[in-house]
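Examining the three-dimensional arrangement
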Amino acid sequence: MRNMAEEEEKIKEQQSSSVLVLLSTHNGEKYIREQLDSILQQKGCRTTLLVRDDGSTDTTREILREYQQGAFGNQFYAVLEEENVGVVRSFFRLLCSAADLCAAPGKYEDIPLGRGELHGVQSGCSSQDISFYREKKKKLAEENSVEGQKFDYYALADQDDIWLEDKLSAAVGMIREKERKAKRKKVAEGNTEKTAEAYECLPCLYAGAVQPVDQRGRNIPAGIRYPKRRPSFGNALVENICPGCTCVMNRQLLLMAGGTAEAMETTVLSRVLLHDFWLYLLAGAFGNVIFDEQPHILYRQHGNNSVGMASTLLESYLRRVRNFRKNRGKLKGQAITFERLYGLQLREWDEEKAALLRDFSAGKRRLFLDRRLYRQRRSDSFIVKVLLLLGWL
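Counting of residues starts from 1 at the beginning of each chain's written sequence and follows it residue by residue. pLDDT decides what is reported in this predicted model: residues at 70 or higher carry local features, side-chain atom pairs at 80 or more are listed and counted, and totals for whole chains, interfaces and linings draw on all residues regardless. By convention in this description, side-chain values take in all heavy atoms of the structure and omit both hydrogens and water.

Some words on the environment of Asp158
Put simply, the rule is: Labels follow the DSSP assignment, with helices taken as runs of H or I lasting at least four residues and strands as runs of E lasting at least two, numbered in each case from the N terminus. Whether two residues are in contact is decided by their heavy atoms: any pair within 4.5 Å suffices.
Within the fold, Asp158 resides in the loop between strand E4 (153–157) and strand E5 (162–163). For Asp158 and His26, which are 132 residues apart along the polypeptide, the C-alpha to C-alpha distance reads 9.8 Å. If we skip the residues at most four places from it in the chain, Asp158 touches Leu23, Gln35, Phe91 and Cys245.

Focus on the side chain of Ser17
Applied cut-off: Relative accessibility decides the category of a residue: with a 1.4 Å probe and only protein chains considered, values under 20% of the type maximum give buried, values over 50% give exposed, and everything between is partly exposed. The term polar contact refers here to a pair of N or O atoms within 3.5 Å; inside protein, the definition further demands a hydrogen-donor-capable atom paired with an acceptor-capable atom, and it admits residues adjacent in sequence only when both atoms are side-chain atoms.
By the secondary structure assignment, Ser17 is in the loop between helix H1 (2–15) and strand E1 (18–25). Residue Ser17 is classed as buried on the basis of its relative accessible area, which comes to 0%. Within polar-contact distance, the side chain of Ser17 engages the side chain of Arg176 at 2.8 Å. With sequence-adjacent residues up to four places away left out, Ser17 is seen in contact with Cys45, Arg46, Asp152, Tyr153, Val172 and Arg176.

Examining empty space enclosed by the protein
Cut-off, in case you're wondering: We place a 1 Å grid over just the protein atoms. Points where a 1.4 Å probe fits but has no way out form a cavity, open points with protein on both sides within 12 Å along at least 5 of 7 lines form a pocket, and any residue with an atom within 4 Å of a point lines it. Grid points are joined across faces, edges and corners, and a volume is the space filled by probe spheres set on the points. Three categories are distinguished: nonpolar for Ala, Val, Leu, Ile, Met, Phe, Trp, Tyr, Cys and Pro, charged for Asp, Glu, Lys and Arg, and polar for the others, with Gly belonging to the last.
The tally for this structure, following the rule as stated, stands at one cavity of 30 Å³ or more. A volume near 40 Å³ is recorded for the largest cavity. Forming the boundary of the largest cavity are Lys167, Tyr206, Gly208, Ala209, Thr246, Gln294, His296 and Ile297. Considering only residue class, the lining of the largest cavity consists of three nonpolar, four polar and one charged.

Observations regarding the nonpolar core
Our working definition: Nonpolar cores are built from buried Ala, Val, Leu, Ile, Met, Phe, Trp, Tyr and Cys residues. Side-chain atoms within 4.5 Å join them into one set.
Within the largest apolar cluster, 64 residues are counted, with the highest numbers of intra-cluster contacts made by Leu237 and Phe338. Setting aside anything within four residues of it in sequence, one finds Leu237 in contact with Leu281, Leu331, Ala335, Leu356, Leu357, Phe360 and Leu373. If you look at the next biggest cluster of nonpolar residues, it comprises 31 residues, including Tyr153, Ala157, Val210 and Tyr299.

Concerning the sheet that holds strand E7 (residues 211–213)
Using the following cut-off: For two strands to pair, DSSP has to find at least two bridges joining them.
Strand order in the open sheet formed by three strands is E5-E10-E7, and the pairing between neighbours is mixed. A single partner strand is all that each edge strand has here, and the edge strands are E5 and E7. Sheet topology note: the E7/strand E10 (residues 297–300) ladder contains three bridges and is parallel. Residue Pro212 lies in a different strand from E10, and its bridge partner there is Tyr299.

What about helix H6 (residues 167–188)?
It helps to recall that an α-helix has 3.6 residues per turn; residues three or four apart then point in one direction. The test is simple: In this analysis, the expected span of each helix is defined as 1.5 Å times one less than the number of residues it contains.
For H6, which comprises 22 residues, the first-to-last C-alpha distance of 32 Å matches the rise-based estimate of 32 Å (1.5 Å per residue) to within 8%. One or two positions beyond H6, positive phi appears at Gly190, with a value near 95 degrees.

Considering the pairing of strand E3 (residues 76–82)
Filter applied, for reference: With its strands directed away from the observer, a crossover is right-handed exactly when the path from the first strand over the helix to the second travels clockwise.
Of all seven residues in E3, six are buried, a share of seventy percent or more. Pairing of strand E2 (residues 46–54) with E3 involves six bridges; the strand directions are parallel. Residue Leu50 lies in a different strand from E3, and its bridge partner there is Ala78. Taken together, E2, helix H3 (residues 60–68) and E3 form a β-α-β motif whose crossover is right-handed.

Observations concerning the sheet that holds E4
Where we set the bar: Axis angles are defined between N-to-C directions and span 0 to 180 degrees, where every axis is a line fitted to C-alpha atoms and, for a helix, only to the segment in contact.
Taken in spatial order, the seven strands of this open sheet run E3-E2-E1-E4-E8-E6-E9, and their pairing is mixed. Only two strands of the sheet have a single neighbouring strand rather than two, namely E3 and strand E9 (288–292). For this sheet, the mean inter-axis angle between neighbouring strands, taken without regard to orientation, is 15 degrees. Contacts from helix H4 (residues 87–102) reach E1, E2, E3, E4 and strand E8 (248–250) within the one sheet, and its direction differs from that of E2 by about 135 degrees. Its contacts with the sheet place helix H11 (residues 275–286) against E4, strand E6 (204–208), E8 and E9, and it is angled at close to 125 degrees to E9.

Re unusual backbone geometry
In the Ramachandran plot, Asn27 falls in the positive-phi region, its phi being about 45 degrees despite a non-glycine side chain. As for its placement among the helices and strands, Asn27 is situated in the loop between E1 and helix H2 (32–40). By relative accessible area, Asn27 is classed as partly exposed at 33%.

In structure tokens, the structure reads:
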């Protein structure tokens, strides 16, 4: 009876969860309606949309206005129509806007921005770049008459996928369970309830597998299957396993990602490979990462994908070769940026991870034998270690 009551309480708690979905659009008129419908009709949680249109020149903005003014209008927090800055900067601006919305007025100083040298104008950001975020917060508050709006969880969405109706509820359920286990573990270790609650509130990132579909939404082979190794900070330094279109995070991770977005405009942001890659690094360093092997999203494959996926062994091999060439020197650059922003905090939180970050940023060859640094495929891990010896990361 007790277990049944606990399960009922978990379900009730999950269904009351609120999720803010951050959707970036750009010339997405062809598929945007299917995606909006699938997001707005999620079951098992309360869903709200914050949309940023990245300078569309087709009818995307008209479609968004149509939905905003229609039957689902109360589920739209805002639709921001702005200039084209590219997918990575667009999502970082959404993350920053969402962090501003859930941070109480005057509390931005409490958000862990990082203590490195990349703040404000010193980071390469102009005063105009910095003021963008302050103006955006004011605009959102004025348009929606809300200040300090807090959601329980935050999800990223691409414009051309289709979410299964349990996409968000599955993610929320797994995050909540991870948070409960973290708390129970600390209590079992003899920590006080208050200390255990701090571990319950660690940054947490959920990501998962996807089901590829063609342009008409029909299932296609899911590509190459291979054994997954556990997510970790060492893996996050050299590989991103968290597709942005599947990412769901708790408020703690959102505040970290959004809070540092101010320091990541212009020069600094150019050293970040992808927004979802950065989220994996943050969660891997300071919290927990969950990877769900069960797909809850139909990932549409078409010619305009920003990032696609391989469906054959040869295509997978060629893509990995291209990625190694394209990202030569960029993994180290991203790690250096992360160390400058978070090195001091990471040293206080986990000296072992901080040492791994320092060694990787410095290109230390002793990492060749370090098992903490790895990619999901063992063959890729060997290639990465060789590139490390050659100084090509």
